[in-house]
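The chain contents come next:
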Amino acid sequence: MSIANAIISRRMARRSHEEDMPFLGGGVTFNFGLCDQYATIGYGVAGKDGSWRSLLTFTEQTVRQAVEYGFEESEIAEQVKRLDAQYENAAKDEGTESSAAIANALVSLDEDVYNSDRYRQILWRQIRPFITKAAITSEFAFWFRQMERPQIFLTTKRSAAVFEDDILAAYVASRNTPVTAPMARAATSFAYTDFGPAGSVVSDKSIADLGIRTIRFTNGVLLNLKKTDFEDNRIRYSLRIDGGQLHFGKENAVLASLMSATYVSGGLEAHDIEDLRSILAGTTVSPAFGVADRYFGAAGAIAPADLERQLQVMAAYTTHPGYSENALRLFRRPLPELYARLNATPASALAVAMSKIMTDDDPRFSLAPLETIQSADFAMLKATLGDALRQNRLEIALVGDLDEDAAIAAVARSFGALPTRADDGKDHNAQLQPSWSAKRGSFDIPHNGEANQLAWHRVWTTTGDKDQKTTQSMDLLARVATLRLTDELREKWGATYGVSANSDMSNLYLQRGAFSVSTAGDPKDIATIGATVDQVISALVKSPVDPDLFERARKPVLESYADWKKQNNTWLGVVAETQTNPDRLNRFRNSETNFTSITADDLWQLAKQYLDKPAEFTFRALPGEMVSAGAKSAE
């Protein structure tokens, strides 16, 4: 039934891509009850509020279509390939599975028995011959033809206008509407495997103490390799093309959001996103490509056998993006609902308002108005993007279970075969000088959530990540503050559900940093929260923290260093920019030494430097009626 559910979900997703449906997601459900004595079946979807009638019809007829006409061989083969790959890769990864992953599996066992991944693969291979078109179609039809008198549940903001008889009548009308067989889809092969003559290597060097190999191709493409044995059958990759949010700048910031949300789902010229997912079935390859603060690109993990196809997919997204209007429509569809819920919880209302106030509504750092983001389109994106993805400096990193020679050859045949790229990054210095708003003070933000909920956030401005030890010290100071605040607010006063301090020193905008305290609780405790935070910060400024507290704060970090260099994710962060940001290598080398040298006095000096002043910003997300009452009282 899980295969049938996956097929139904894919059919629904494809129709929502191809048609202007208010569908946001859904599928069928099938569960056995106590000791398998009974079964519950059904289906459910989510969509735009007020669209229940069209969604009910859409879902009922999609499911009934499968009952009457069954599933295609190609659909079943696609799902079987996915399961084949899933079990095979899990079995190959088993030798280096993390303790945390095993612990999570044990916790979630319920009435099941913990089995090895290799044993699960054996079980799968035993039942695989019985996964046939006839078997799946017959089993699905047996259960889901029993839907004449279902229980129907509807959740909507407009429930007062919806009557039971209307829902039942709509269901009966849909059941009485004939359905036709689904359109058969021809299988296709991936179209982007030949990018021209393979590129040649012009530089091949090693960084001995870190075990990193750096490659440069004739067209300027940079490749960094780090072979490890930390994860069996796993390569972690990173692709970075200079630009990202900096390319769009302040005036076109909304296009960075548009690209992040739609570029991948826009597919390729030769394949829409649903076809691409079908082509990639049975592999660990993902069509990933996005926008970060200073680069375009992607990161992820794949099986070594899939490396070349992953490179081909990413290369195709730089040269032949599809810009399907379906992706644009799907992106815009949920926006009104999402924006309508921005004030639904204290945390959401606070996050939106805080970024606007602290940055003077700078579009690079705050949420764009609904009408602005809805008006952004692919014509604007293509014009602004220009040839950045084809021409800007590009760096690839591969870490893990590598055959280095095979990896170099795969990059040579894909990115190494593309036209020449820039040797240097573009100068974005003019964009890197943003300051915090001069409008300082306390701000009350209304939310529409429960009357006994508030979110509270206080900010002291600091500076950017100019010095590694200072950044580490401020992080440690935040850990100390969190421990003190937790002791005072949660355990002593019981006045909050949780509290944390955080230091954020930007490594891009080097004039910007912030030390903050965040908490949530009941509005009745707001005075206690403010007074306790003031008390804790004043104590940090007045004298060095005591040795016990200092050790409590630093111990988890010291312990993390024991496994720090045995994780591919750690290394990927370094290898990702080995050639374009060599300072990152020195920071990596010096990180543990710098941290262990931090003293309680270092934290005290920083507390006096940055926290011995009134906080520049205090934000309180309160129930709307409290904010309104406060405003009237002030008047």
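Read on for an overview of the structure. Remember, it's a predicted structure, so these values are computed and weren't measured experimentally. Positions within a chain are numbered from 1, following the residues in the order the chain's sequence is written. For this predicted model, a pLDDT threshold of at least 70 governs which residues receive local features, and a threshold of 80 or more governs which side-chain atom pairs are given and counted, while totals over whole chains, interfaces and linings are taken from all residues. Values reported for side chains reflect all heavy atoms of the structure, with hydrogen atoms and water molecules removed beforehand.

### Things to note about the overall build of the chain
To keep things clear, this is the line we draw: Helix and strand definitions follow DSSP, with helices as H or I runs of at least four residues and strands as E runs of at least two, each counted in order from the N terminus. We compute the radius of gyration from the C-alpha atoms alone; for a globule the expected value is 2.2 Å times N to the 0.38, where N is the number of residues. For each residue, the accessible area found with a 1.4 Å probe, counting protein chains only, is set against the maximum for its type, and the residue is called buried under 20%, exposed over 50%, and partly exposed in between. By definition, residues are in contact when any of their heavy atoms lie within 4.5 Å. With residues, only the protein chains shown are counted as cover, and all accessible areas are computed by Shrake-Rupley using a 1.4 Å probe. Only four residue types enter the tally: Lys and Arg on the positive side, Asp and Glu on the negative side, with His and both chain ends excluded. In this description, the location of a charge corresponds to atom NZ of lysine, CZ of arginine, CG of aspartate or CD of glutamate.
Secondary structure assignment for the chain yields 25 helices and 14 strands. The globule rule puts the C-alpha radius of gyration for 635 residues at 26 Å, and the 28 Å found for the chain is close to it. For the chain, the C-alpha atoms occupy an extent of roughly 75 × 70 × 55 Å along the three principal directions. In the chain, buried positions account for 46% of the 635 residues. Sequence separation of at least 24 residues holds for 82% of the intrachain contacts in the chain that already meet a minimum separation of 6. In the structure as shown, the chain presents an accessible area of about 31,000 Å², 50% of it carried by carbon and sulfur atoms. For the chain, the separation between the mean place of its 69 positive charges and that of its 82 negative charges on side chains is 2 Å.

### Quick look at the sheet that holds strand β7 (residues 290–291)
Under the convention used in this document: Each pair of strands is called paired provided DSSP finds at least two bridges between the two strands. Note on geometry: axes are lines fitted to C-alpha atoms, helical ones only across the stretch in contact, with angles between N-to-C directions running from 0 to 180 degrees.
On the basis of which strands lie adjacent, the open sheet formed by seven strands has the order β3-β4-β5-β9-β6-β8-β7 and mixed pairing. A strand with exactly one partner marks an edge of an open sheet, and here the two such strands are β3 (201–207) and β7. Alignment of strand β5 (residues 222–227) against strand β9 (residues 394–400), held across six bridges, turns out to be parallel. Within β9, the position partnered with K227 by the bridge is G400. Across the sheet, helix α22 (residues 568–575) touches β4 (212–217), β5, β6 (235–242) and β9, and the angle it forms with β9 is around 155 degrees.

### Focus on empty space enclosed by the protein
Sizing a probe to match a water molecule and rolling it over the atoms shows the empty space that remains. Our working rule: Within this scheme a cavity is a closed region of a 1 Å grid, computed over the protein atoms alone, that accommodates a 1.4 Å probe without allowing it to escape, whereas a pocket is open but has protein on both sides within 12 Å along at least five of seven lines; lining residues each have an atom within 4 Å of a point. Grid points are joined across faces, edges and corners, and a volume is the space filled by probe spheres set on the points.
What the rule picks out here adds up to two cavities of 30 Å³ or more. Of the voids in this model, the largest cavity is the one considered here, and its volume is about 70 Å³. Mapped by element, the contributors of at least two residues to the lining of the largest cavity are α1 (2–18), α10 (273–279) and α12 (325–332). Looking at the lining of the largest cavity, the element that brings in the most residues is α1, giving three residues.

### Overview of the environment of S16
Relative to the helices and strands, S16 resides in helix α1. As for S16 and L330, which are separated by 314 residues in sequence, their C-alpha atoms are 7.9 Å apart. If we skip the residues at most four places from it in the chain, S16 touches M21, F23, R329, L330 and R333.

### A closer look at the sheet that holds strand β12 (residues 498–505)
One open sheet accounts for five strands, arranged β10-β14-β11-β13-β12; its pairing is mixed. Edge strands, defined here as strands with exactly one partner in the open sheet, are β10 (441–447) and β12. Neighbour-to-neighbour, the strand axes of the sheet open up by a mean angle of 15 degrees, direction not taken into account. Both β10 and strand β14 (residues 617–623) contribute to a ladder of seven bridges, which runs parallel. By the bridge assignment for β14, F443 is matched with F619. Contacting β11 (454–461), β13 (513–521) and β14, helix α20 (residues 526–542) crosses the sheet at an angle of about 25 degrees to β11.

### As for the pattern of salt bridges
In a structure, side chains of opposite charge can pair up when their charged atoms sit close to one another. Spelled out, the test is: Put simply, a salt bridge is a Lys or Arg side-chain nitrogen that is within 4 Å of an Asp or Glu carboxyl oxygen.
Per the stated rule, a full pass over the model turns up 36 salt bridges. We note a salt bridge from E60 to R175, for which the minimum N-O separation is 3.6 Å. Note that E60 is positioned in helix α2 (residues 52–69) and R175 in helix α7 (residues 164–175), a separation of 115 residues in sequence. Overall, the relative accessible area of 24% leaves R175 in the partly exposed class. D117 is the partner of R120 in a salt bridge, and the nearest nitrogen-oxygen pair spans 2.8 Å. Remark: D117 and R120 occur in helix α5 (residues 117–127); sequence separation between them is three residues, near one turn of the helix. Classification of R120 as partly exposed rests on a relative accessible area of 30%. Residue D117 is classed as buried on the basis of its relative accessible area, which comes to 13%.

### Description of the layout of surface pockets
So the rule is basically this: Under the grouping applied here, Gly and all other residues not named as nonpolar or charged are polar, the nonpolar ones being Ala, Val, Leu, Ile, Met, Phe, Trp, Tyr, Cys and Pro and the charged ones Asp, Glu, Lys and Arg.
Its boundaries defined by the atoms lining it, the largest pocket holds a volume of some 1,300 Å³. Taken together, 42 residues line the largest pocket, and the ones lying closest to its centre are R294, N507, E577, N581 and R584. Within the residue set of the lining of the largest pocket, elements represented by two or more residues are β6, β9, α19 (468–492), α21 (547–564), α22 and α23 (583–596). Considering every element that reaches the lining of the largest pocket, the biggest residue donor is α23, with six residues. Broken down by class, the residue content of the lining of the largest pocket amounts to twelve nonpolar, 15 polar and 15 charged.

### Things to note about a nonpolar patch on the surface
The test is simple: Patch building starts from residues that exceed 30% relative accessible area and form no salt bridge, then joins like charges within 9 Å and nonpolar side chains (Val, Leu, Ile, Met, Phe, Trp, Tyr) within 5 Å.
Residues Y119, I122 and L123 make up a contiguous nonpolar surface patch of about 260 Å² in total accessible area. Relative to the helices and strands, Y119 resides in helix α5.

### Describing the side chain of T262
Here T262 is to be found in helix α9 (residues 253–262). For T262, a relative accessible area of 0% translates into the label buried. When near neighbours in sequence (up to four residues on either side) are disregarded, T262 contacts A327, F331 and F378.

### Regarding the nonpolar core
Counted only if it meets this: We call a set of buried Ala, Val, Leu, Ile, Met, Phe, Trp, Tyr and Cys residues a nonpolar core when their side-chain atoms join them within 4.5 Å.
Within the largest apolar cluster, 67 residues are counted, with the highest numbers of intra-cluster contacts made by M259, F289, F296, L398 and F415. Per element, the largest residue contribution to this core is seven residues, and it comes from helix α11 (residues 307–319). Excluding residues that lie within four positions of it along the chain, L398 makes contacts with L223, N224, L225, K226, I235, R236, Y237, L307 and A407. The next biggest cluster of nonpolar side chains, apart from the first, holds 39 residues, and it includes L477, A478, A501 and L603.

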